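Architecture at a glance
Here are the chains, one letter per residue:
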Protein chains: 2
Amino acid sequence: MNNYKTVSVAEGARTELHGVLNLTGAEISINSLPAGASVPFVHSHKQNEEIYAVLEGEGSAVIDGESVKLKAGDWMRVSPSAKRRFFASETTGLKYVCIQVKENSLEGYTTTDAVV
Amino acid sequence: MNNYKTVSVAEGARTELHGVLNLTGAEISINSLPAGASVPFVHSHKQNEEIYAVLEGEGSAVIDGESVKLKAGDWMRVSPSAKRRFFASETTGLKYVCIQVKENSLEGYTTTDAVV
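Source: prediction; values computed, not measured.

**Quick look at the environment of Gly65 of chain B**
Mapped onto the elements, Gly65 of chain B comes out in the loop between β5 (48-63) and β6 (66-71). A C-alpha to C-alpha distance of 8.2 Å links Gly65 of chain B and Arg84 of chain B, two positions 19 residues apart in sequence.

Structure representation (structure tokens):
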């Protein structure tokens, strides 16, 4: 296997990268909700921490019953057990990235894992 | 600790999220290189897979001596051992996200880890 793999992500409701890029430490999806739309279910996780990044637009998340406003440039960590659901605003779509990683799986990073 | 934590990322040369968001399964940085600039060193990793996403602009990466063109919307997985260096194009800056995760750390994901 090559030491790198690339993909160019076009517009779509949801693009999942794990299979496309042969990821082994994360699953990453790029998601688009049109204005007024929402993910039609609440979910939590067994062991995965999720990190969400808003790329474009505005919306909100309801986390364990609490509403959190979101806009482009916002990043959010959500614990595995938290019950979450995502909404675009009524007037603007919401484009966001969701990164799934196993909670407590990271050991060294940056200066303690890099070789320069 | 709360079940979620958010941060809004402003413009800057480099923003690191591990400490800000109490991440436990990843380190994530948001990086901006002005037109004509590059990261001034080559690096690899001991055990972390890296996933790069280009948010804005154009540039390139040199991976194990091979030049790979990059533009907004591109995603790339890089193996721990690969020697990498990043460059903005001569005329356009490059804004990109770097996600560090431990190689082979992900177990279940999406349908096998989610609880709906």
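And the narrative resumes.
**Details of the confidence of the model for chain A**
Of the residues in chain A, 99% reach a pLDDT of 70 or more, and the chain-wide mean stands at 94. At the level of chain-chain contacts, confidence expressed as ipTM amounts to 0.94, with global pTM at 0.95.

**Regarding the nonpolar core**
By size, the foremost hydrophobic cluster in this structure holds 27 residues, and its most contacted members are Ile28, Trp75 and Ile99 of chain A together with Leu17, Ile28, Trp75 and Ile99 of chain B. Elements that contribute at least two residues to this core include exactly β3 (27-33), β5 (48-63) and β9 (94-102) of chain A together with β3 (27-33), β5 and β9 (94-102) of chain B.

**Remarks on the side chain of Arg84 of chain B**
Residue and element names in this part refer to chain B. Mapped onto the secondary structure, Arg84 falls in strand β8 (residues 84-88). Polar side-chain contacts of Arg84 include one of 2.7 Å to the backbone oxygen of Ala82. Those residues within four positions of Arg84 in sequence are excluded, and the remaining contacts are Phe41, Val42, His43, Ser44, His45, Glu50, Tyr52, Val62, Ile63, Val78 and Ser79.

**Brief notes about the environment of Val68 of chain B**
Looking at the element boundaries, Val68 of chain B is found in strand β6. Along the backbone, Val68 of chain B and Phe86 of chain B are 18 residues apart, and their C-alpha atoms lie at a distance of 9.6 Å. With residues up to four places along the chain from it excluded, the contact list for Val68 of chain B reads Tyr4 and Thr6 of chain A together with Gly59, Ser60, Ala61 and Ile63 of chain B.

The rules behind each value
Along each chain, the written sequence defines residue order, and numbers are assigned to residues from 1. Here every chain gets a letter starting at A, and every ligand a number starting at 1, in the order they are written. At least 70 in pLDDT is required for a residue's local features to be given in this predicted model, at least 80 for side-chain atom pairs to be given and counted, and no such filter applies to totals for whole chains, interfaces and linings, which use all residues. Only hydrogens and water are set aside when side-chain values are computed; all heavy atoms of the structure are taken into account. Starting at the N terminus, helices and strands are each numbered in turn, a helix being any DSSP run of H or I of at least four residues and a strand any DSSP run of E of at least two. Per-residue confidence from the predictor is reported as pLDDT, which spans 0 to 100. Residues grouped as a nonpolar core are buried Ala, Val, Leu, Ile, Met, Phe, Trp, Tyr and Cys residues, joined through side-chain atoms within 4.5 Å. Exposed residues in this analysis have more than 50% of their type's maximum accessible area, buried residues have under 20%, and partly exposed residues fall in between, with area computed by a 1.4 Å probe over protein chains only. Polar contact criterion, stated in full: a pair of N or O atoms within 3.5 Å, where within protein one must be able to donate a hydrogen and the other to accept it, and residues adjacent in sequence count only if both atoms are side-chain atoms. Note on contacts: a residue pair is in contact if any heavy atoms of the two residues lie within 4.5 Å.

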